[in-house]
Amino acid sequence: MTDKELFNRCVDVAARTFNISHDAIVSRSRRKEIVDIRRIIACYMNKFPFEHGSSVIGRFFNKDHTTILNYLSTGEVFYKIDATYKSNYDLFNVNMETYNA
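Residues numbered from 1 in each chain as written. Predicted model: local features only at pLDDT ≥ 70, side-chain atom pairs only at ≥ 80, totals over all residues. Heavy atoms only, no water.

S.K.: Would you mind showing me how to read the overall build of the protein chain here?
M.R.: When helices and strands are tallied, the protein chain shows 6 helices and 0 strands. Counting from the amino terminus, the protein chain carries its helices and strands in the arrangement α-α-α-α-α-α. For the protein chain, the C-alpha radius of gyration of 12 Å lies close to 13 Å, the compact-globule estimate for 101 residues. Reported as C-alpha extents along the three principal axes, the dimensions of the protein chain are approximately 35 × 30 × 25 Å. Among the 101 residues that make up the protein chain, the fraction classed as buried is 41%. Here the analysis covers contacts within the protein chain between residues at least 6 apart in sequence; of these, 57% occur between residues at least 24 apart. Looking at the protein chain as shown, the accessible area adds up to about 5900 Å², and 52% of this sits on carbon and sulfur atoms. (Helix = DSSP H or I, 4+ residues; strand = E, 2+ residues; numbered from the N terminus. Rg over C-alpha atoms; globule rule 2.2 N^0.38 Å. Buried < 20%, exposed > 50% of the residue type's maximum accessible area, 1.4 Å probe, protein only. Contact = heavy atoms within 4.5 Å. Areas by Shrake-Rupley, 256 points an atom, 1.4 Å probe, with all protein chains shown as cover.)

Encoded structure:
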């Protein structure tokens, strides 16, 4: 699977999981709900076995690599302290595993 195919699969699963359009996820919107979804996708693409770098992930979102680094670091913190973010992250991961099976 190519990087672009993985990204599209992540966005498709996130769109279905969180009932939001594909376009909204990749838009320039700064709404918390949408940014959290982008953050979840970035964290997923950055973890093993994919381990995509921030520059690669940033290209797909049309964001600078430093924005992606911020997504990754705040994603770790939110996972520990924000119950809603944690449940959304876990739900997305379960749906990705189901989609990949």
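S.K.: Before we go on, may I ask you to explain the packing of helix H3 (residues 32–46) against helix H5 (residues 65–81) in this structure?
M.R.: When two helices pack together, you describe them by how their axes are tilted relative to each other and by the distance separating the axes. With their axes 9 Å apart at the nearest point, H3 and H5 run at an angle of 95° to one another. Between H3 and H5, the interaxial angle falls into the category roughly perpendicular. For the pair H3 and H5, contact is made by Val35, Asp36, Arg38, Arg39, Ala42, Cys43 and Asn46 and by Ile68, Tyr71, Leu72, Thr74, Gly75 and Phe78, respectively. Here the contact of H3 with H5 is composed, by residue class, of 7 nonpolar, 3 polar and 3 charged. (Axes fitted to C-alpha atoms, helices over the stretch in contact; angles between N-to-C directions. Parallel < 35°, antiparallel > 145°, perpendicular 65-115°, else oblique. Nonpolar A, V, L, I, M, F, W, Y, C, P; charged D, E, K, R; others polar.)

S.K.: In this structure, what is going on with the nonpolar core? I would like to understand it.
M.R.: Within soluble globular proteins, side chains that are nonpolar tend to cluster in buried spots. One finds Cys10, Ile25, Ile41, Met45 and Phe92 to be the most contacted residues of the largest nonpolar core, which totals 31 residues. Of all elements in the fold, only helix H1 (3–18), helix H2 (22–25), H3, helix H4 (54–61), H5 and helix H6 (83–100) reach the threshold of two or more residues within this core. Element by element, the count of residues in this core is highest for H3, at 9 residues. (Core = buried A, V, L, I, M, F, W, Y, C linked by side-chain atoms within 4.5 Å.)

S.K.: Explain the packing of aromatic side chains to me, please; I cannot follow it from the model alone.
M.R.: Within a pair of aromatic rings, the relevant descriptors are the distance that separates the centres and the angle that separates the planes. Tallied over the entire structure, the rule returns 6 aromatic pairs. A ring pair is formed by Phe78 and Tyr85, whose centres lie 5.8 Å apart and whose planes are at 75°; its orientation type is edge-to-face. With relative accessibility at 2%, the residue Tyr85 sits in the buried group. Seen from their ring centres, Tyr79 and Tyr89 are 5.2 Å apart, and the 75° between their planes marks the pair as edge-to-face. Residue Tyr79 is located in helix H5, and its partner Tyr89 is located in helix H6; the two are separated by 10 residues in the primary sequence. In this structure Tyr89 comes out as buried when scored by relative accessible area, which is 15%. Counting every residue linked through ring pairs, the aromatic cluster contains Phe78, Tyr79, Tyr85 and Tyr89. (Phe/Tyr/Trp six-rings, centres within 6.5 Å; stacked < 30°, edge-to-face > 60°.)

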